[in-house]
Amino acid sequence: AQSVTQPDIHITVSEGASLELRCNYSYGATPYLFWYVQSPGQGLQLLLKYFSGDTLVQGIKGFEAEFKRSQSSFNLRKPSVHWSDAAEYFCAVGLYNQGGKLIFGQGTELSVKP
Amino acid sequence: DGGITQSPKYLFRKEGQNVTLSCEQNLNHDAMYWYRQDPGQGLRLIYYSQIVNDFQKGDIAEGYSVSREKKESFPLTVTSAQKNPTAFYLCAIRRGGDGYTFGSGTRLTVV
């Protein structure tokens, strides 16, 4: 069955430090991969997506992610975290051959220390 | 997000009552989805619709119902059969190669 795993439930980093959020997926076909960010009580905002091509994708707010097929991973990175990046981050796989359903990981909550 | 509107933002349900959550879009996309979010569980798919007058059950459809009479609208009814309805509900549209856009959500609370 298809699944997405985000191993880290909560991460705390200092402002200005680098960040990497992990995401592993289980899916037999070529995946469509997404990272979303959610502030408390709000909807989800798309940070970036991977459909095909270059495995390093750039997103909004200075985020990037790298697709590694051999590791079934799609980790999110940012070189220097800002206090406003504190939020919950979700990785998701899009099943375009199954009605376009999105399968989400459980989320990683990011806290930023001053 | 622009183009997809969920209402109300907050909703309270009494025991044994049905309530309906609204999701409207003006982006002319066919595919629409309803997700439920609970703390620590990510988002789980309730129902989805790829075209008017057609919809399919997701992973947790029990206790919910939907309709898709118009392309713009995909309302979700939480019925009295849903024993634990307190959650945050999110509606989304699929924008082809641009991915998915989510509404701002409805928080439903049982009182």
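Residues numbered from 1 in each chain as written. Chains lettered and ligands numbered in written order. Predicted model: local features only at pLDDT ≥ 70, side-chain atom pairs only at ≥ 80, totals over all residues. Heavy atoms only, no water.

### Things to note about the sheet that holds strand β8 (residues 76-78) of chain B
Residue and element names in this part refer to chain B. For clarity, the cut-off: For two strands to be treated as a pair, DSSP must find no fewer than two bridges joining them. Only DSSP runs of H or I with at least four residues qualify as helices, and only runs of E with at least two residues qualify as strands; both kinds are numbered from the N terminus onward. The axes used here are C-alpha line fits, helices contributing only the stretch in contact, and every angle between their N-to-C directions lies in the interval 0 to 180 degrees.
Strand order in this open sheet of four strands is β1-β3-β8-β7, and the pairing throughout is antiparallel. Of all the strands in the sheet, just β1 (4-7) and β7 (64-66) have a single pairing partner and so form its edges. If you compare each strand with its neighbour and ignore which way they point, the axes differ by 20° on average. Here β7 runs beside β8; their pairing, made up of three bridges, is antiparallel. From the neighbouring strand, V66 faces β8, where its bridge partner is L76.

### Side note on the nonpolar core
Definition in use: What we call a nonpolar core is a set of buried Ala, Val, Leu, Ile, Met, Phe, Trp, Tyr and Cys residues that are connected through their side-chain atoms within 4.5 Å. Relative accessible area decides the class of each residue, using a 1.4 Å probe on protein chains only: under 20% of the type maximum gives buried, over 50% gives exposed, and in between gives partly exposed. Here, two residues are considered to be in contact whenever any of their heavy atoms come within 4.5 Å of each other.
Within the largest apolar cluster, 29 residues are counted, with the highest numbers of intra-cluster contacts made by A:L19, A:W35, A:L47, A:L48, A:F74, A:L76 and A:Y89. At the level of secondary structure, the elements contributing two or more residues to this core comprise β2 (10-14), β3 (19-21), β5 (32-38), β6 (44-50), β8 (64-68), β9 (73-78), β10 (87-95) and β12 (108-113) of chain A. For this core, the element with the highest residue contribution is β10(A), accounting for five residues. Residues contacting A:Y89, with those up to four places away along its chain left out, are A:Q6, A:L21, A:W35, A:Y36, A:V37, A:L47, A:F63, A:L76, A:G107, A:T108 and A:L110. Listed in part, the 21 residues of the second largest apolar core include B:V19, B:C23, B:I46 and B:I60.

### With respect to the interface of chain A and chain B
Filter applied, for reference: By definition here, a salt bridge exists when the distance from a side-chain nitrogen of Lys or Arg to a carboxyl oxygen of Asp or Glu is within 4 Å. Each polar contact in these results corresponds to two N or O atoms within 3.5 Å; when the atoms are within protein, one needs to be able to donate a hydrogen and the other to accept it, and residues that are neighboring in sequence are counted only if both atoms are side-chain atoms.
Tallying the contact residues gives 21 residues for chain A and 23 residues for chain B. In this structure, the connection of chain A to chain B is made through zero salt bridges. Between chain A and chain B we count six residue pairs in polar contact (both at pLDDT 80 or more) in total. Among the secondary structure elements, those contributing two or more residues to the side of chain A that touches chain B are β5, β6, β10 and β11 (101-104) of chain A.

### Considerations on the packing of aromatic side chains
How we decide: Stacked, edge-to-face and tilted labels apply to pairs of Phe, Tyr and Trp rings (six-membered ring for Trp) whose centres lie within 6.5 Å, assigned for plane angles under 30 degrees, over 60, and everything in between, in that order. A ring is scored as having a charge over it whenever the NZ atom of a lysine or the CZ atom of an arginine sits within 6 Å of its centre and within 35 degrees of its normal.
Under the defined criterion, the tally for this structure stands at 22 aromatic pairs over all chains. Put simply, the rings of A:Y32, A:F34, A:Y36, A:F51, A:F90, A:Y96, A:F104, B:Y33, B:Y35, B:Y48, B:Y100 and B:F102 pair up and form one aromatic cluster. The cationic tip of B:R68 hangs over the ring face of B:F74; the distance from NZ or CZ to the ring centre is 5.9 Å. Directly above the aromatic system of A:Y96 lies the positively charged group of B:R94, at a separation of 5.1 Å from the ring centroid.

### Examining the pattern of salt bridges
This model, assessed by the stated rule, comprises seven salt bridges over all chains. Residue A:D8 is joined to A:R22 by a salt bridge in which the shortest nitrogen-to-oxygen separation is 2.9 Å. A residue pair is termed long-range when its members are at least 10 positions apart, and A:D8 in the loop between β1 (3-5) and β2 and A:R22 in the loop between β3 and β4 (24-26) qualify at 14 residues. We classify A:R22 as partly exposed; its relative accessible area is 39%. When the shortest N-O distance is used, the salt bridge between B:R44 and B:D38 registers 2.8 Å. For B:R44, a relative accessible area of 28% gives the class partly exposed. Via salt bridges that share partners, A:E64, A:E66 and A:R77 belong to a single interconnected network.

### Observations concerning the state of the cysteines
All names here are of chain A. In plain terms, the rule: Disulfides are defined as cysteine sulfur pairs within 2.5 Å.
This model, assessed by the stated rule, comprises two disulfides over all chains. Across the disulfide from C23 sits C91; the S-S distance is 1.9 Å. Between C23 and C91, the S-S dihedral sits near -65°, and the bridge is therefore left-handed. Of the two residues, C23 is situated in the loop between β3 and β4 and C91 in strand β10; the sequence distance between them amounts to 68 residues. Of the two residues, C23 and C91, both sit in the buried class.

### Some thoughts on the environment of A:V81
All names here are of chain A. Along the chain, the position of V81 falls in the loop between β9 and β10. Its relative accessible area of 2% is what places V81 among the buried residues. Aside from chain neighbours lying at most four places away, what touches V81 is V13, S14, E15, G16, A17, S18, L19 and V112.

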